[in-house]
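# Observations on chain architecture
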Amino acid sequence: MPAPERIPSRSLTDTELLTLLTEGTLTVLGQVGGASNAVLHCTIAYEGEERTCAYKPVAGEQPLWDFPDGTLAQREVAAYEISRATGWDLVPPTVLREGPYGQGMCQLWIDGPGEDPPELLALVEDDEPGEGWKAVGYADVGGGRTALLVHADDPRLRRLAVLDAVINNGDRKGGHLLPAPGGLLYGIDHGVTFNADDKLRTLLWGWAGEPLTEEALRVLALLAAELADGEPLATRMAQLVTAAELEALRARVASLLDSRVHPKPSGQWPPIPWPPV
């Protein structure tokens, strides 16, 4: 007897997805290997809907000397809240909730595009990045040789570079870029963000010093307004990061609006994360 056809899941709105992630029943399928902190692959079910998600319990976090306050889970949720406020939706729906191993971050699992994903990063032997690419810098490829690290000149990546500058992302690696069906692109792993000190480390330096797009400037202006005292986003962020980190967030947005250019490496911190993937 042939197996019954699988009925595809219906599309859910952002509000429905957040309700599912917050109220649904978590069932752990296994642990994701290679992560520095505990990452559990789970299913989550609520009122007849089921999805897969990543659950990162606070109990599985490794202490970080330069992030002594709050939790990585809170910062992951804060990154989602800022991404959602931009309207770019570059971070998958993410909530803070109780789970099988205590409070943690629960984030919608992103499936691949179902075809060969577009190449976003590459190493090239030439001294110039080539059409459609932006240079990041030279990388040691062993044997005393170097190659030019480049990333795609892609508007989705450019938005993500702006988001990273806003949230002060200290760990934008290549493996944190997830192409998804429908030409979407998501960034994940935002536990080391929102530090009050400049910690920006990324592979997306290709636009450093170049003018921000008009779209980015409009988004930043709206974000600045939403981060004003008393606004819902500011109130929410105050629940997730420290007062000093919230003020630093506002200052970064204001600085980007004032300079109107993508930031350059500060020189006070290694600009590229290691390992880069």
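Residues numbered from 1 in each chain as written. Predicted model: local features only at pLDDT ≥ 70, side-chain atom pairs only at ≥ 80, totals over all residues. Heavy atoms only, no water.

## Observations concerning empty space enclosed by the protein
Under the criterion given, the structure shown has 1 cavity of 30 Å³ or more. Roughly 90 Å³ of internal volume is contained in the largest cavity. Residue lining of the largest cavity: Ala 161, Asp 164, Ala 165, Leu 200, Thr 202, Leu 204, Trp 205, Trp 207, Ala 208, His 262 and Pro 263, and that is the complete set. (1 Å grid on protein atoms, 1.4 Å probe; cavity = no way out; pocket = protein on both sides within 12 Å on 5 of 7 lines; lining within 4 Å. Points joined across faces, edges and corners; volume = space filled by probe spheres on them.)

## As for the sheet that holds strand S7 (residues 133–142)
Ordered by their spatial adjacency, 3 strands build an open sheet running S6-S8-S7, and the pairing between neighbours is antiparallel. Taken across any chain shown, the strands that pair with only one partner, and hence form the sheet edges, are strand S6 (121–124) and S7. Across the sheet, the axes of successive neighbouring strands diverge by a mean angle of 30°, strand direction being ignored. Sheet topology note: the S6/strand S8 (residues 145–152) ladder contains 4 bridges and is antiparallel. In the strand pairing of S8, Ala 122 is matched with Val 150. (Pairing = 2+ DSSP bridges. Helix = DSSP H or I, 4+ residues; strand = E, 2+ residues; numbered from the N terminus. Axes fitted to C-alpha atoms, helices over the stretch in contact; angles between N-to-C directions.)

## Structural notes on the pattern of salt bridges
This structure, assessed with the given rule, holds 16 salt bridges. Of the charged contacts, one joins Asp 171 and Lys 173 as a salt bridge, the two residues approaching to 3.7 Å between their closest N and O atoms. Pair check on accessibility: Asp 171 and Lys 173 agree, each one buried. Residue Arg 260 pairs with Glu 214 through a salt bridge whose shortest N-O separation is 3.7 Å. With a gap of 46 residues between them, Arg 260 in the segment after helix H6 (243–259) and Glu 214 in helix H4 (residues 214–226) connect regions that are remote in the sequence. (Salt bridge = Lys/Arg side-chain N within 4 Å of Asp/Glu carboxyl O. Buried < 20%, exposed > 50% of the residue type's maximum accessible area, 1.4 Å probe, protein only.)

## A word on the packing of helix H3 (residues 155–167) against H6
Two numbers describe how H3 lies on H6: the axes approach to 8 Å, and their chain directions differ by 135°. On the basis of their axis angle, the class for H3 and H6 is oblique. Across from Ala 165, Val 166 and Ile 167 in H3, the residues of H6 making contact are Leu 249, Arg 252, Val 253 and Leu 256. (Parallel < 35°, antiparallel > 145°, perpendicular 65-115°, else oblique. Contact = heavy atoms within 4.5 Å.)

## Some remarks on the pairing of strand S10 (residues 184–187)
Examined bridge by bridge, strand S9 (residues 177–180) and S10 share 4 bridges and lie antiparallel to one another. For Ala 180, the partnering residue across the bridge sits in S10 and is Leu 184. Counted along the chain from S9 to the antiparallel partner S10, the turn is 3 residues long, and its residue Gly 182 has a positive phi close to 80°.

## A short note on the sheet that holds strand S1 (residues 25–31)
As summarised here, the arrangement of the 5 strands in space is S1-S2-S3-S5-S4, forming an open sheet in which the pairing is antiparallel. The sheet is open, and its two borders are formed by S1 and strand S4 (94–99), each paired with just one other strand. Recorded for the sheet is a direction-independent mean angle of 40° between the axes of neighbouring strands. The sheet contacts of helix H1 (residues 14–23) involve S1, strand S2 (40–46), strand S3 (49–57), S4 and strand S5 (102–108), and relative to S4 the element is tilted by about 20°. Each of S3, S4 and S5 is contacted by helix H2 (residues 72–86), which is oriented at about 150° to S4, the strand it contacts most.

## So, the nonpolar core
Ranked by internal contacts, the top residues of the largest apolar core, which has 59 residues, are Ile 82, Leu 157, Val 166, Phe 194, Leu 227, Met 237 and Leu 249. It is H3 that provides the largest number of residues to this core, a total of 8 residues. Val 166 has contacts with Ile 82, Leu 220, Leu 223, Leu 249, Arg 252, Val 253 and Leu 256, leaving out every residue within four places of it along the chain. (Core = buried A, V, L, I, M, F, W, Y, C linked by side-chain atoms within 4.5 Å.)

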